[in-house]
Amino acid sequence: AAQLAQSEMQLKILQQKVDPHFLFNNLNVLSSLIDLDQNAANEFLDKLAKLYRYILHTQNAEVVALGEELDFAKDYLYLLQQRFGPAYEFSWQVPSAASANGLMIVPTALQSLLENVVKHNAGSGKDPLRVNICVENDLLTVSNKISRKEKIIQASGTGLQNLIDRYALLTDRLIEIDREGQTFTVKLPLLEIKE
């Protein structure tokens, strides 16, 4: 019982780490949009508020439905596209049935992977970085060509290691990380919660 309580406390601590750069960067984008296009600023603010509602709603949840996480990630991608323009292209291979198949995922896991891609890899309007998001069987996969940025913001403890630690407290299934050639791939296990 003591070990279970300690694991639950560790999981709560890991779940509550939110990258402060996330808020700072998005407020800067919002500030510039207010001057350029008030309608775009309003839409951006709506998406940002929706994201924070999701984060607050799921901060104490161990897992969430895959469909909810996919919707959250699409809103997050909207913010990234407003911030970086066409520098990153996101391709989705997610069967429509994937959202309704009862599979679960750690909250904000997909967003963490997408944030990691943008944090570590450079893209541009002339040469966008292509990011593939795929759900197949019981795995969610994010892969991209490695295009390292010269300067990377200091880590805040909310990235890949945080995700690995959160999964380790919930399941024996490991996150698969593959740095094959010029491609970086992360495969997240999708979980079935037994009643």
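Refer to the structure above for everything that follows.
Just so you know, these numbers come straight off a predicted model, no measurement behind them.

With respect to the packing of aromatic side chains
Moving on, step 1. If you walk through the whole model with that rule in mind, you get two aromatic pairs.
Moving on, step 2. When the ring of Tyr54 is compared with that of Phe72, the centres are 4.3 Å apart and the planes differ by 20°; the resulting orientation is stacked. With Tyr54 in helix H3 (residues 38–58) and Phe72 in helix H4 (residues 66–84), this residue pair connects regions lying 18 residues apart in the sequence.
Moving on, step 3. On the basis of relative accessible area, Tyr54 is assigned to the buried category, the value being 11%.
Moving on, step 4. Here Phe72 falls in the buried class, since its relative accessible area comes to 3%.
Moving on, step 5. For the ring pair Phe84 and Tyr88, a centre distance of 5.4 Å and an interplane angle of 75° mean the geometry is edge-to-face.
Moving on, step 6. In this structure, Lys47 is placed above the aromatic ring of Tyr78, and the distance from its NZ or CZ to the ring centre is 5.4 Å.
Moving on, step 7. Sitting above the plane of the Trp92 ring, Lys74 keeps its charged end 5.1 Å from the centroid.

A few points about the packing of H4 against helix H5 (residues 109–120)
Moving on, step 1. At a closest axis distance of 8 Å, the pairing of H4 and H5 adopts a crossing angle of 25°. When the axes of H4 and H5 are compared, the pair comes out roughly parallel. For the crossing formed where H4 meets H5, the hand is right-handed. Packed against H4, whose contacting residues are Glu69, Leu70, Phe72, Ala73, Tyr76, Leu77, Leu80 and Phe84, the element H5 presents Ala109, Leu110, Gln111, Leu114, Glu115 and Val118 at the interface.
Moving on, step 2. For the contact of H4 with H5, the residue count by class is eleven nonpolar, one polar and two charged.

Structural notes on the pattern of salt bridges
It is possible for side chains bearing opposite charge to pair when their charged atoms get close.
Moving on, step 1. For the coordinates displayed, the defined rule picks out four salt bridges.
Moving on, step 2. A salt bridge links Lys50 to Asp75, with the nearest nitrogen and oxygen atoms 3.3 Å apart. With Lys50 in helix H3 and Asp75 in helix H4, the pair connects residues that are 25 residues apart, well separated along the chain.
Moving on, step 3. When its relative accessible area of 44% is taken as the criterion, Lys50 is described as partly exposed.
Moving on, step 4. Under the relative-accessibility criterion, Asp75 is labelled buried at 8%.
Moving on, step 5. Each member of the salt-bridge network shares a partner with another, and the members are Lys47, Lys50 and Asp75.

Analysis parameters
- Residues numbered from 1 in each chain as written.
- Predicted model: local features only at pLDDT ≥ 70, side-chain atom pairs only at ≥ 80, totals over all residues.
- Heavy atoms only, no water.
- Phe/Tyr/Trp six-rings, centres within 6.5 Å; stacked < 30°, edge-to-face > 60°.
- Helix = DSSP H or I, 4+ residues; strand = E, 2+ residues; numbered from the N terminus.
- Buried < 20%, exposed > 50% of the residue type's maximum accessible area, 1.4 Å probe, protein only.
- Lys NZ or Arg CZ within 6 Å of the ring centre and 35° of its normal.
- Axes fitted to C-alpha atoms, helices over the stretch in contact; angles between N-to-C directions.
- Parallel < 35°, antiparallel > 145°, perpendicular 65-115°, else oblique.
- Left-handed = near helix turned anticlockwise from the far one by under 90°.
- Contact = heavy atoms within 4.5 Å.
- Nonpolar A, V, L, I, M, F, W, Y, C, P; charged D, E, K, R; others polar.
- Salt bridge = Lys/Arg side-chain N within 4 Å of Asp/Glu carboxyl O.

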